[in-house]
Amino acid sequence: MSQQAKEKAVSSIYLHAPLKRALNQCKGFAELAEPGSIGTCIGPSGAGKSVLATMLGPEVYGKRDSWQSGTTPYVVVTADNPDRGYFSPKELTRSILSELDDPFRTPPWQLEAKGLERRLAEAVQIAGVSSLRNCTEPMMRAVIESIGPQKRLSLIIVDEANMLALSTRNRVPTDYVEGLRILGKKAGCKVLLFGTVDLLLLGGYSAQFNRSEIRIHLNRMCCDDKAGREEFASFLVKMSEKWNVDPSVVVKNVADMYDWTYGVPGEVEKRLRLAAIRSVGSSKAITWDDIRSSRPSREEMDRIRMEADIVQSVMDDVPLTVQQAKAIRRKRHPSMGPKRVNAGAVA
């Protein structure tokens, strides 16, 4: 899905209190942080980080059709790397450069017109490559550092940044983050990382990183008080309308919906989506039985709660329980590292 399509898809998102609070803090980071600053927006899976990453740019810099010609005030990239078991900084750098208008696919006589310094324009021309695929990471970084100020690049948004925790041997995740910080400083922009509990592993590796990092918490919806319960009920109504469910069906069962989802927005939508799938082919409307049959297993519910509670404890500077500390250690020192699966024929 293109960035424009994503922006259109989130234009009608329900801004519940945790999402609105995190959005305002991310806007503050984008507007006030110094170039080279690193921000991390952390939340449990399904909290709405990808939605927030897509909303942020237009909120701060306006929609693309309003940008001054030749400028790119922000880019949104995803730290996915489907063909390897470990994070690849080269893939991420390639994605950033692609969003900035890949100069390696530009005719040589137009390179300087794109704002590329003469020495880099000549380097690109000498390289004689037809795409970013054949370009080295140092050359791509140098080009970003050159054209970033020309394009008035102010913010790099990295979604799924928890992938940075998949470091190779003899490397720590903050090596990658430090590389992004230096790239941002030279290009004149800030870097904002969106990820799950795995981003918490970045803390403690480097005092320099801990000093420069600004953490933002995208929390789940909590039903600890009347206002929280009312907001969760309003969110259920909004999601029910989206999936053609009678709102009264879920509002009457708010307690069960909260127990199954722990107030995580993505989990709410997942349950309603599964209920809609189960009802396909049936002439009747989606019932509570459809929704109840789509509830998560007890193991899934425990995982949802554990992840959300770990993030909450770390962000609130509350000591972790023994069980939470063990969960973090398992992530920091996995029993088996990622490896490529051999899909060959079975003998």
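Scoring rules and cut-offs
- Counting restarts for each chain, with residues numbered from 1 along the sequence as it is written.
- The model is predicted, so local features are restricted to residues of pLDDT at least 70 and side-chain atom pairs to those at 80 or more, both for listing and for counting; the totals for chains, interfaces and linings are taken over all residues.
- Water and hydrogen atoms were dropped before computing side-chain values, which therefore reflect all heavy atoms in the structure.
- Where helices are involved, their axes are fitted lines through C-alpha atoms of the stretch in contact, as for all axes, and angles between N-to-C directions lie from 0 to 180°.
- Going along the chain from the N terminus, every DSSP run of H or I of four or more residues is numbered as a helix, and every run of E of two or more is numbered as a strand.
- Crossings are assigned a handedness: left-handed for a near helix turned anticlockwise from the far helix by less than a right angle, right-handed for a clockwise turn.
- Pairs of residues are marked as contacts when any of their non-hydrogen atoms sit within 4.5 Å.
- Following the grouping adopted for this structure description, the nonpolar residues are Ala, Val, Leu, Ile, Met, Phe, Trp, Tyr, Cys and Pro, the charged ones are Asp, Glu, Lys and Arg, and the polar ones are all others, Gly among them.
- For this analysis, a salt bridge means a side-chain nitrogen from Lys or Arg found within 4 Å of a carboxyl oxygen belonging to Asp or Glu.
- Each residue is assigned to one of three classes by its accessible area relative to the maximum for its type, calculated with a 1.4 Å probe on protein chains only: buried under 20%, partly exposed between the two thresholds, exposed over 50%.
- An expected span of 1.5 Å times one less than the residue number is assigned to each helix.
- Any two strands with at least two DSSP bridges between them are considered paired.
- N or O atoms closer than or at 3.5 Å make up a polar contact, with two conditions inside protein: a donor-capable atom paired with an acceptor-capable one, and, for residues adjacent in sequence, both atoms drawn from side chains.
- The pLDDT value expresses, per residue, how confident the predictor is, ranging between 0 and 100.
- Working definition: a ring pair exists when centres of Phe, Tyr or Trp rings (six-membered ring for Trp) sit within 6.5 Å. Plane angles under 30 degrees give stacked, over 60 give edge-to-face, the rest tilted.
- Every angle not falling under 35 degrees, over 145, or within 65 to 115 is termed oblique; those three ranges are roughly parallel, roughly antiparallel and roughly perpendicular.

Chemist: Explain the packing of helix H4 (residues 89-99) against helix H6 (residues 137-150) to me, please; I cannot follow it from the model alone.
Modeler: Helix-helix packing is described using two parameters, namely the angle between the two axes and the distance between the axes. Closest axis-to-axis distance for the H4/H6 pair is 10 Å, and the angle between their directions is 35 degrees. The chirality of how H4 crosses H6 is left-handed. Contact residues: H4 offers Pro89, Lys90, Thr93, Arg94, Ile96 and Leu97, while H6 offers Glu137, Met140, Arg141, Val143, Ile144 and Ile147. Residues of the contact of H4 with H6, tallied by class, amount to seven nonpolar, one polar and four charged.

Chemist: Would you mind going over the environment of Ala187 with me for this structure?
Modeler: Assignment of secondary structure puts Ala187 in helix H7 (residues 173-187). Separated by 41 residues in sequence, Ala187 and Ser146 have C-alpha atoms that sit 6.8 Å apart. Residues contacting Ala187, with those up to four places away along its chain left out, are Ile144, Glu145, Gly148, Pro149 and Leu153.

Chemist: So what exactly am I meant to see when it comes to the pattern of salt bridges here?
Modeler: Pairs can form between side chains of opposite charge once their charged atoms are near each other. Evaluation of the coordinates by the stated rule reveals nine salt bridges. Here Glu91 ties to Arg94 by a salt bridge, and the two come within 2.9 Å at their closest N and O atoms. Note that Glu91 and Arg94 are positioned in helix H4 at a spacing of three residues, about one turn of the helix. Residue Glu91 is classed as buried on the basis of its relative accessible area of 17%. As a salt-bridge pair, Arg303 and Glu307 come within 3.7 Å of each other at their nearest N and O atoms. Highlighted residues: Arg303 and Glu307, both in helix H14 (residues 298-315), separated by four residues, approximately one helical turn.

Chemist: So what exactly am I meant to see when it comes to the environment of Leu153 here?
Modeler: Among the structural elements, Leu153 can be located in the loop between H6 and strand E3 (155-159). Owing to a relative accessible area of 3%, Leu153 belongs among the buried residues under this scheme. Leave out the neighbours within four places in its chain, and Leu153 touches Thr72, Pro73, Tyr74, Val75, Leu100, Gly148, Ala187, Gly188 and Cys189.

Chemist: Help me understand H14 in this model?
Modeler: Each turn of an α-helix holds 3.6 residues, which means side chains three or four residues apart point in the same direction. With 18 residues, H14 should cover 26 Å at 1.5 Å per step; its first-to-last C-alpha distance of 26 Å lies within 8% of that length. Turning to H14, its buried residues are Met301, Ile304, Met306, Glu307, Ala308, Ile310, Val311 and Ser313.

Chemist: I would appreciate a short explanation of the sheet that holds strand E5 (residues 213-217) in the present structure.
Modeler: Across a sheet, paired strands are connected by hydrogen bonds in the backbone, their directions being either parallel or antiparallel. Taken in spatial order, the five strands make up an open sheet running E2-E3-E4-E1-E5, and their pairing is parallel. Single-partner strands in this sheet number two, and they are strand E2 (74-78) and E5. Averaged over all pairs of adjacent strands, the angle between their axes in this sheet comes to 20 degrees, without regard to strand direction. For strand E1 (residues 38-42) and strand E4 (residues 190-195), the ladder comprises five bridges, and the chain directions are parallel. When the sheet's bridge partners are listed, Thr40 is paired in E4 with Leu193. Each of E2 and E3 is contacted by H4, which is oriented at about 145 degrees to E2, the strand it contacts most. In the packing of H14 onto the sheet, contacts are made with E1 and E5, and the angle to E5 comes to roughly 130 degrees.

Chemist: Quick question: what am I supposed to make of the environment of Arg292 here?
Modeler: Positionally, Arg292 belongs in helix H13 (residues 288-292). A residue is classified by how much of its surface remains accessible, and Arg292, at 37% relative accessible area, is partly exposed. On a C-alpha basis, the gap between Arg292 and Trp260 in space is 9.5 Å, while along the polypeptide they are 32 residues apart. A distance of 2.5 Å separates polar atoms of two side chains, one belonging to Arg292 and the other to Asp289.

Chemist: Got a minute to help me understand the confidence of the model for the protein chain in this structure?
Modeler: Regions with low pLDDT should not have their predicted coordinates read in detail. Here the protein chain averages 80 in pLDDT, and 74% of its residues register 70 or above. Contacts for the low-pLDDT stretch residues 334-347, under 50 throughout, to residues beyond four places or in other chains number four contacts.

Chemist: Got a minute to help me understand the packing of aromatic side chains in this structure?
Modeler: For any pair of aromatic rings, the description consists of the separation of the ring centres together with the inter-plane angle of the planes. One pass over the full model with this rule turns up five aromatic pairs. Their ring planes at 80 degrees and their centres at 5.4 Å tell us that Trp67 and Tyr74 sit as a pair that is edge-to-face. With centroids separated by 5.5 Å and ring planes inclined at 85 degrees, the aromatic side chains of Phe232 and Tyr258 adopt a geometry described as edge-to-face. With Phe232 in helix H9 (residues 226-242) and Tyr258 in helix H11 (residues 254-261), this residue pair connects regions lying 26 residues apart in the sequence.

Chemist: Where do I start with the packing of H9 against helix H12 (residues 265-279) in this structure?
Modeler: At a minimum axis separation of 10 Å, H9 and H12 run at an interaxial angle of 40 degrees. With respect to H12, the element H9 is oriented oblique. Seen along the crossing, H9 lies across H12 with a hand that is right-handed. Every residue of H12 that contacts H9 at Phe232, Phe235, Leu236, Met239, Ser240 and Lys242 is listed here: Pro265, Val268, Glu269 and Leu272.

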